[in-house]
Each structure stands twice: as C-alpha cells, then as structure tokens.
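Listed below, chain by chain, are the residues.
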Amino acid sequence: MRQCPNCKTNNPDDARFCNYCGMRLPESKEETLYSDLDELEEAPKTEFSDQEIEEESEKVIDEVKKLLNPDEKEEKKEEKKEDEDTDTEQEQLKKQLTIPENLDRMIEEVTRQELEQELHRKIKLKEGSGKEQSHLDETEGVSEPTLMIGEKTEEEADEPTRMFTGDIGDFIKKKREYEDVPEEDAYEEILQSWERKRKEKKIKREREGKDPSRIPKFIKEKHSWSDLTAKQKKAVKRIVAGAAVFAAFCIFESYYGRPEAVAERYCKAYVKEDWKKTGHLSDLPKNGYATQDEYATYMKKNAVTGVKDYQIKETKENRQIKIESGGKQRAFTVEYKTKTQGKNKETVVLQKQKRQRLLLFANWKVSSDKMIANDFNLYIPAGSTAWIDGTKLTKNDKIKDDSDGLDQYKISLFEGDHKIRIDVPWFKTYKSEFKASDKGSATISKMKVSQSGKKKLDKKMKEILSSYIKAAKEEKSFSQISGLFEKNSKYEKENKEFYDDLKEQLSSKDGYKADQITTDNYEGKYVISGVTGVVRGTLSYDYKVTYQKEDVTVGNMNGTVDGSSQMSAEFVYKDGNYQLRTVNPGSIWYRESQ
C-alpha cells in the first residue's frame with residue numbers, strides 16, 4: 001500500500017494519484033527532493049575537515065543538479081571551474097553549503113503547484129465533495145509537491161502520463177471512455193491546459209515584439225492627461241464625444257420606440273387623418289399588394305373621421321401575449337369622441353416585429369389584421385398573367401394545385417373590392433372586379449377567345465379531325481395516333497372508345513368500301529371552364545364520302561353520301577402551349593343500311 005503524504009490515506013501500490021484527495025503520489029527521487037531538502041536544513045551541525053566538507057558538498061550538489069537540471073549539466077561544470085579559479089576556498093565552501101542557485105525557480109514551481117492544488121480542492125468542495133473532507137485543515141500547507149499531468153521525469157520519459165487532451169469539451173466527450181478515472185485527474189488536466197494556452201499566447205506576442213500585457217502603449221506610458229500629446233488628446237475627445245452621442249441616440253431610440261410612444265404617435269396621426277404616417281406605423285404585408293396608396297384609399301373609405309378627443313389606456317390582460325409569429329403584442333384601449341357621436345372605444349393592437357429597427361432596437365407596429373384579408377386564394381387559368389390593382393402577381397405567391405387547368409395564388413390584401421386584369425394566351429384580356437375577405441377565394445375564368453386565338457384553335461381541331469379520319473379509314477390501332485394527346489392522360493380509355501367507333505363506321509364490310517372522305521364548312525366555338533380552367537371547343541363540319549358497293553347481279557356500283565357532324569375536344573395549357581386532353585371526332589355514315 002502507498003500512503004498519501006497529504007491526507008495519509010492508503011492507496012494501492014499501482015496508484016499514481018490519491019483516490020481521496022487527488023494528490024499525486026511520490027514515486028521518484030525528483031518528487032521526494034523537496035522533503036529531503038527540508039531534512040537537510042534541520043540536520044544538526046557536525047564538525048568536518050575542509051576536505052571532507054568539500055567532497056561531500058560536491059556530491060550533494062552534483063546529485064541535485066542532475067535531478068533538477070539534466071540539460072544544463074555541462075554548463076554548470078564550466079561555471080564550477082570558473083568559480084574555483086576566482087573564489088577563495090572559504091567563499092567556495094560557503095557556496096557549496098548553501099541552497100542551490102535555482103532555489104528561486106524551485107520555490108516558484110512549488111508555489112504554483114500549491115495554488116493549482118488549492119484551486120482544485122475548492123472546485124471539488126463546490127461540487128459537494130468537500131463535505132467528506134471537512135476533517136482536513138484548510139490552512140495546512142502542501143507537504144509534498146505534485147507534478148502536473150503531462151510532465152515527465154527522466155524515469156518516466158517513455159511512459160505516457162496524459163490521459164486527456166484539449167479543454168473541458170474534449171474531457172466531456174471522452175468521459176464515457178474513462179469511467180474508472182478519478183475526476184481529480186480531469187481537473188488537473190483542465191488547469192494545465194488553461195495555463196499552457198496562456199503561456200503560449202504570451203510567448204507568441206513576445207516573439208512578435210508585442211506587449212504581452214496587451215495594454216496600449218500610450219496608455220501604459222502616459223499616466224495623466226497632461227502627459228498626452230495634442231493628437232492623443234484630440235483622439236480621446238473624439239472617442240468620448242462619439243460615445244456620448246451614441247449613448248444619447250440609444251436612449252432616444254429606446255424611448256421613441258416604446259409601444260406606448262408608437263400608439264400615441266399613431267393616434268395623433270389618425271386624428272389629423274394623416275394616412276401616410278399611420279400607414280408607416282402599421283405592419284402592412286410586404287408582398288406588394290397592400291401598398292401605401294391602397295392603405296390610404298382604404299382608410300378614406302372606412303376610417304372614423306371627426307375625432308375630437310381621445311385617451312389611451314393599456315389593456316393589462318392582453319399585455320405581451322405570445323402569438324404564432326413568435327413575437328409579442330400589446331393592446332391599448334382608445335376612448336374617443338366624434339363630432340356626430342358620443343363616446344366610443346376602439347382597441348389598438350401593437351405587434352413586435354421580428355426584424356429590429358436599426359439592427360438594435362425593438363420595432364413595434366400597429367397591427368393591420370382587422371383590415372387585411374390574409375391567405376386569400378385566387379384561381380386563374382393556367383398560363384395566364386394577372387394584375388391586382390395594378391400590381392402584378394409574382395411566382396412567389398403561386399402554390400401547387402391539384403387542378404392543372406388553374407393556377408392558384410395565396411395572397412394578402414385589403415378587405416373589400418379590388419380590380420383584376422388577366423391576360424390568357426389566345427384569349428382576350430379580361431378585366432373585372434372581385435371582393436376579398438379573410439381566408440376567402442375567387443375563381444376568374446369568364447374569358448372570351450380572341451380572333452387570332454380562334455384561328456389557332458380551329459387549325460388544331462382540323463388537324464386532329466383529319467388525322468382521326470385518315471387513321472380510321474386505314475384501320476390503324478389507337479396507339480398509332482396517341483401522340484396527339486398530352487402525355488400520361490387519364491382519359492386514354494375514353495379517347496380509345498371514340499376512335500374505335502369512328503373506325504367501325506369507316507370500315508369496309510358487307511360489300512361496302514369507302515374511297516374518299518372530305519370535310520368542309522367548319523365552325524368552331526371555345527370557352528374556358530370556370531371549374532377546371534380547361535378550354536372546351538366544338539367544331540361543326542360537313543362531310544362527303546364516295547364509296548363502292550359490290551352487287552351480284554349488276555357488279556360494282558359507285559355511290560356518294562353527304563352529311564354533317566360535330567367534333568368536340570378539351571385542351572389544357574402546358575409547357576407554353578395548349579395540349580389535347582380528350583376528343584370525340586363525331587359520326588360519319590355512308591352505308592345504305594345505316
């Protein structure tokens with residue numbers, strides 16, 4: 001067992017630190033050197049001859065120097081030779097019998113270690129472990145020094161003594177890996193790491209020629225105002241003046257930006273009907289649709305006018321209520337009188353904005369929720385461009401919708417009537433009005449096709465009809481004309497049935513064979529569905545079929561059949577163009593049996 005020199009606790013033979021107080025246990029000559037020196041001072045005086053004293057002193061000093069300063073062995077030998085030549089025998093004997101020259105460094109090292117051990121003991125007492133050590137005398141000095149974790153003697157040169165690296169963060173990360181390690185080791189490691197980093201920074205600044213104390217040179221050298229130069233005095237005056245101005249500005253902004261002050265300024269501007277100022281004091285949406293001009297127009301229609309007197313009182317029960325936006329709000333009750341009415345009350349709610357004013361101060365605005373239609377849904381035909389009260393709708397407000405024939409926008413704007421303008425490809429510009437309400441919706445789809453758009457849609461319809469008739473007459477499969485439709489159409493089954501009916505009508509059987517089929521006299525009409533935004537079109541046409549009929553008695557006979565039919569189709573706007581969704585080519589009959 002190994003006894004701790006500090007608390008006299010017995011520890012296992014292989015222990016390096018005391019399991020009770022955390023002190024490092026002595027295990028080498030270097031660590032027991034300080035106690036040996038104490039014993040040397042207390043040893044009784046004995047008469048020796050000059051030669052014996054000299055020989056014994058040299059042995060003791062050489063052994064101490066080897067332990068404390070192994071790297072300076074050769075240097076000390078040279079100093080010793082020079083001392084022998086210059087000093088007298090009496091002075092040399094006195095020097096050998098006194099404490100070594102590096103005693104100051106030894107005392108400084110022991111003092112530093114004592115302070116670190118005291119700091120470690122206080123940390124442990126603070127964590128609750130001091131109750132178990134109450135029997136120890138706090139004023140008792142350290143009887144034996146402790147080497148810092150990581151320091152190595154000659155005997156420990158090959159033995160790693162650092163169990164941790166880095167600061168407390170690294171120790172916490174590795175704590176689970178060292179469950180059986182006493183916490184005293186960790187505290188010693190932290191103290192050593194802090195001290196090591198402090199010394200490294202000090203040495204680095206000394207190498208760079210900088211003052212390790214980090215004190216500005218002119219402050220270090222100048223001790224009074226009279227010692228400063230004119231430039232230095234001017235610089236100090238500017239700094240003080242700037243600090244004073246900044247402090248005054250902060251005080252003013254803090255007072256000016258209080259919710260009570262904002263509510264007072266809002267009410268004063270309201271009484272004066274200064275809607276421009278009240279608009280700047282309100283938290284209007286930043287999407288561009290609720291503009292200051294729109295705000296002024298709204299207030300002129302809906303605001304209370306002729307206010308003569310008012311009083312502001314804070315509604316305590318609503319003070320600093322947390323809301324969904326993550327800020328806070330303050331509510332004030334405003335009692336006022338008008339020229340035509342008696343006393344009235346109105347609640348003014350102030351909202352704390354997420355973005356601070358001038359990056360430093362709280363930003364309070366009057367809430368505009370009562371006048372704003374939030375999350376208003378607007379549905380317009382796909383591919384169109386729209387303007388609300390002259391402000392163009394942006395892609396940022398467009399959201400995904402299940403109906404691919406309509407574009408959905410979610411916006412915030414003032415409640416009430418608004419003007420809308422819509423430009424749709426191949427249709428005339430649409431202008432109308434709609435009424436906005438909180439979380440309401442409006443669908444705009446009553447557009448009329450333009451003249452150029454009608455020509456384009458007629459052309460599409462004719463091309464589709466021609467392809468259908470040609471493929472049906474040649475009895476081709478539906479897959480050979482499926483490229484006419486939009487990709488991945490869910491109406492494929494319905495379209496195939498219409499095509500198969502036309503192919504049946506134009507097939508050659510029962511002795512009949514269609515030779516030539518022509519169509520003319522087209523008339524198309526097109527509208528946009530108000531529910532889906534799909535363009536629905538119809539194309540009326542006349543057809544003529546020439547055919548041959550086989551007769552057993554007469555032989556082949558030629559015939560002609562005239563008729564009329566109507567084709568219907570639906571188009572959706574995708575990828576910058578209208579694509580075919582569904583089509584019914586109509587009926588074409590030419591056999592007599594029909």
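In what follows, the structure referred to is the one given above.
Just so we're clear, the structure is a prediction, and the values are computed from it rather than from any experiment.

Reading the values: the criteria
Residues numbered from 1 in each chain as written. Predicted model: local features only at pLDDT ≥ 70, side-chain atom pairs only at ≥ 80, totals over all residues. Heavy atoms only, no water. Patch = residues over 30% accessible without salt bridge, like charges linked within 9 Å, V, L, I, M, F, W, Y side chains within 5 Å. Areas by Shrake-Rupley, 256 points an atom, 1.4 Å probe, with all protein chains shown as cover. Salt bridge = Lys/Arg side-chain N within 4 Å of Asp/Glu carboxyl O. Helix = DSSP H or I, 4+ residues; strand = E, 2+ residues; numbered from the N terminus. Core = buried A, V, L, I, M, F, W, Y, C linked by side-chain atoms within 4.5 Å. Buried < 20%, exposed > 50% of the residue type's maximum accessible area, 1.4 Å probe, protein only. Lys, Arg positive; Asp, Glu negative; His and termini not counted. Charge placed at Lys NZ, Arg CZ, Asp CG, Glu CD. Phe/Tyr/Trp six-rings, centres within 6.5 Å; stacked < 30°, edge-to-face > 60°. Lys NZ or Arg CZ within 6 Å of the ring centre and 35° of its normal. Pairing = 2+ DSSP bridges. Contact = heavy atoms within 4.5 Å. Polar contact = N/O pair within 3.5 Å; in protein donor to acceptor, adjacent residues only side chain to side chain.

Asks: When you look at a nonpolar patch on the surface in this model, what are you seeing that I'm missing?
Replies: A cluster of nonpolar residues, Phe 246, Phe 249, Leu 358, Leu 359 and Leu 360, forms a patch on the protein surface that exposes about 550 Å² of accessible area. Inspection of the secondary structure puts Leu 358 in the loop between strand S6 (343-352) and strand S7 (364-366).

Asks: What is the right way to read the nonpolar core from this model?
Replies: Judged by nonpolar contacts, the single largest core of 58 residues is most densely connected at Leu 378, Ile 422, Phe 427, Tyr 468 and Phe 571. Ranked by residue count, the leading element in this core is helix H13 (residues 451-473), at 8 residues. Core analysis: the second largest hydrophobic core is formed by 26 residues, Trp 275, Val 307, Tyr 336 and Leu 350 among them.

Asks: What should I look at first to understand a negative patch on the surface in this one?
Replies: Together, Asp 369, Asp 375, Glu 415 and Asp 438 give the surface a local cluster of negative charge. Considering the arrangement of structural elements, one finds Asp 375 in strand S8 (residues 372-381).

Asks: Please explain unusual backbone geometry as it appears in this structure.
Replies: Trans peptide bonds make up most of the peptide bonds, and negative phi angles are found at most residues other than glycine. Phi is positive for Asp 375, close to 55°, though the residue is something other than glycine. Residues other than glycine seldom take positive phi values, yet Glu 475 does so here, at roughly 55°. Examined against the element boundaries, Glu 475 turns out to sit in the loop between H13 and helix H14 (492-505).

Asks: For this particular structure, what's the right way to read the packing of aromatic side chains?
Replies: Each pair of aromatic rings is reported with the distance of its centres and the angle of its planes. Tallied over the entire structure, the rule returns 15 aromatic pairs. Consider the rings of Tyr 547 and Tyr 590, whose centres lie 5.7 Å apart with planes at 50°: the pair is tilted. Highlighted residues: Tyr 547 in strand S17 (residues 535-551) and Tyr 590 in the segment after strand S19 (577-584), separated in sequence by 43 residues. Residue classification places Tyr 590 among the buried residues on the basis of a relative accessible area of 2%. Three or more aromatic residues joined by ring pairs make a cluster, and in this case those are Tyr 468, Phe 478, Phe 485 and Tyr 499. When the ring centre of Tyr 256 is taken as reference, the NZ or CZ atom of Arg 265 above it lies at 3.8 Å. The ring of Trp 387 has Arg 421 sitting right over it, with the charged end atom 4.4 Å from the ring centre.

Asks: Mind showing me how you'd approach the sheet that holds strand S15 (residues 441-443) here?
Replies: Backbone-to-backbone hydrogen bonds join strands into a sheet, with any given pair of strands oriented parallel or antiparallel. With mixed pairing, 4 strands are arranged side by side in an open sheet as S11-S12-S8-S15. Strands at the two margins of the open sheet, each flanked by one partner only, are strand S11 (398-399) and S15. The pairing of S8 with S15 spans 3 bridges and is parallel. Counted as the bridge partner of Tyr 379 is Thr 443 from S15.

Asks: Is there a simple way to explain the environment of Gly 416 in this structure?
Replies: Counting through the fold element by element, Gly 416 comes out in strand S13 (residues 416-423). Through-space distance from the C-alpha of Gly 416 to that of Lys 435 is 5.2 Å; in sequence the pair is 19 residues apart.

Asks: When you look at the environment of Glu 486 in this model, what are you seeing that I'm missing?
Replies: Among the structural elements, Glu 486 can be located in the loop between H13 and H14. Take Glu 486: its relative accessible area is 7%, and that puts it in the buried class. When the C-alpha positions of Glu 486 and Lys 574 are compared, they lie 8.8 Å apart, and in sequence the two are 88 residues distant. Ignoring sequence-local partners within four residues, the contact set of Glu 486 consists of Val 572, Lys 574, Gln 579, Leu 580 and Arg 581. For Glu 486, the side chain forms a polar contact with the side chain of Arg 581, separated by 3.0 Å.

Asks: Where do I start with the side chain of Asn 363 in this structure?
Replies: Counting through the fold element by element, Asn 363 comes out in the loop between S6 and S7. Setting aside residues up to four positions removed in sequence, Asn 363 forms contacts with Gln 351, Lys 352, Gln 353, Arg 355, Gln 356 and Arg 357.

Asks: Looking at this structure, how should I read a positive patch on the surface?
Replies: Together, Lys 308, Lys 313, Lys 337, Lys 339, Lys 343 and Lys 345 line one region of the surface with positive charge. Mapped onto the positive patch, the elements with two or more residues apiece are strand S3 (307-314) and S6. Note on placement: Lys 343 falls in strand S6.

Asks: What should I look at first to understand the pairing of strand S5 (residues 328-338) in this one?
Replies: For a regular strand, the rule is simple: side chains alternate between the two faces of the sheet. For S3 and S5, the ladder comprises 7 bridges, and the chain directions are antiparallel. Looking at S5, one finds that Ile 312 is bridged to Val 334. Connecting S5 to the next strand, S6, in antiparallel fashion are 4 residues.

Asks: What's the story with the sheet that holds strand S10 (residues 391-392) in this structure? I'm lost.
Replies: Read across the open sheet, the 4 strands follow the order S10-S9-S13-S14; overall the sheet is antiparallel. Each end of this open sheet is capped by a strand with a single partner; those strands are S10 and strand S14 (430-436). As judged from the 4 bridges shared by strand S9 (residues 385-388) and S13, these two strands associate in the antiparallel manner. Of the residues in S13, the one forming a bridge with Trp 387 is Arg 421.

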